[in-house]
Amino acid sequence: MKKDAKSGITFMQFIFIIHGSQLGTGIFSLPKDLAEHAGTDGWISLILGWSLSVIASIVIVLIFRKFPNDTLPELMIRLFGKIIGKVLIVPVIFYFAFFVWTILTSAMMFIKQWFLPMTPDFVVMLLLIAPGFLVARKSLRILGRYCELVFYIMMVMFFLFLFPIGDSHWIHLLPILKEGWFPVFQGVSSSVYSFLGFEIVFFIYPYLQKKQMAIRGVVIANTITLLYYLEVTLICFAFFSPDGITEYNQPVFNLLKIIDFDFLERIDMLFLAIYLFEVSTTWLPFTFGTLLSLGLLFGTKNTAPSASVLFLLIVVLVFFIHPSWNQNAEWMLFIGTAGIGFAYVFPVFLYLYVLVFNRLRRSESL
């Protein structure tokens, strides 16, 4: 995809693409995951995880400030040469493609469990992919507009979660640091998984129109995600007992079930239907990264053939594998572990390499 004026994204679109990439399906089980490691002090782990994601995001921006027109695949070729650079792109493609696969299979199983239990897996997957295909093969600006629209739609979610506050018991949060700092640090591992998605900056930074605002953008995007996570985590901790919350696999769903209005029942079902749009803002940016990398690898700017092959492969795999919740949990764990290495550790080493690379280049030019 060309980085021209037509495909450039605004500051707000930059924020919403990053935020949308983070707020996937992990939010539903996040309070339980934090409680298992850090008890009701898990919200502190969440803040520590946010600080790490902000630092990693800023490091990525600092890398690309030195090469403002490059995406990650282009930077790899510039730094390591055409052959080695393309070889290094391959694991990046697998990471992004597997992220897409994991999110899509998770969304498919949600739909089957709650809405279409008798519909075959591959048909549900086709219904998910078809509208996404039209967005994914367009320019990044179209994707940015879509993420911005979905953000405004999902703002209702933030206020919806405030309704159970009246039935919550905030005494559950006390005393703070009841078990000390060690469990809190253990909980950080769960929280950093939930912030994965900011690594999409590797691909969208060159398209940002006002690059001088990039650091401000990544801080705002991560902070918006933190506010959503903090809200659901604190309310779940206050509503459920410290021991009771670990009995639910996805306590956010159980929280939604108790919300009821005189004019509307089953808020949870309505929420799930709307939340599918939010899930799409997670896998579509990763699809963009996958297609852009494949295009550079094979030397083509037409992403339609790569998109067709990628989505067809996903449907075929679903047809033969019939993913289960246990399998999806294992894939989530794998992509989370790989994500920590790619999103948190890799930028630090790449930044150091870029510093050395630039210094050597300046020495040669003297």
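The name given to the protein in an unreviewed UniProt entry is Endospore germination permease, with the source organism recorded as Cohnella herbarum. For the protein, the Sequence similarities (unreviewed entry) comment in UniProt is given as "Belongs to the amino acid-polyamine-organocation (APC) superfamily. Spore germination protein (SGP) (TC 2.A.3.9) family." What UniProt states about the protein under its Subcellular location (unreviewed entry) heading is, verbatim, "Membrane".

Caption draft 1: Representation of a nonpolar patch on the surface in the model. A contiguous nonpolar patch, built from Met-12, Tyr-152, Met-155, Phe-159, Leu-162, Ile-165 and Trp-170 and spanning about 620 Å² of accessible area, is present on the exposed surface. For the nonpolar patch, the element with the most residues is helix α7 (residues 140-160), which contributes 3 residues. For Trp-170, the position within the fold is in the loop between α7 and α8 (181-194).

Caption draft 2: Geometry of a positive patch on the surface. Taken together, the side chains of Lys-66, Arg-359, Arg-361 and Arg-362 present a region of like positive charge at the surface. Structurally, Arg-361 is set in helix α14 (residues 325-365). For Arg-361, a relative accessible area of 40% gives the class partly exposed.

Caption draft 3: Representation of the packing of aromatic side chains. Here the structure, examined in full by the defined rule, presents 32 aromatic pairs. Aromatic side chains Trp-283 and Phe-311 sit 6.0 Å apart centroid to centroid with 90° between the ring planes, which places their arrangement in the edge-to-face category. You can see Trp-283 sitting in helix α12 (residues 267-298) and its partner Phe-311 sitting in helix α13 (residues 304-321), a full 28 residues away along the chain. Each member of the pair, Trp-283 together with Phe-311, is buried.

Cut-offs applied
- Residues numbered from 1 in each chain as written.
- Predicted model: local features only at pLDDT ≥ 70, side-chain atom pairs only at ≥ 80, totals over all residues.
- Heavy atoms only, no water.
- UniProt positions renumbered as here; feature names shortened; annotations may be inferred.
- Patch = residues over 30% accessible without salt bridge, like charges linked within 9 Å, V, L, I, M, F, W, Y side chains within 5 Å.
- Areas by Shrake-Rupley, 256 points an atom, 1.4 Å probe, with all protein chains shown as cover.
- Salt bridge = Lys/Arg side-chain N within 4 Å of Asp/Glu carboxyl O.
- Helix = DSSP H or I, 4+ residues; strand = E, 2+ residues; numbered from the N terminus.
- Lys, Arg positive; Asp, Glu negative; His and termini not counted.
- Charge placed at Lys NZ, Arg CZ, Asp CG, Glu CD.
- Buried < 20%, exposed > 50% of the residue type's maximum accessible area, 1.4 Å probe, protein only.
- Phe/Tyr/Trp six-rings, centres within 6.5 Å; stacked < 30°, edge-to-face > 60°.

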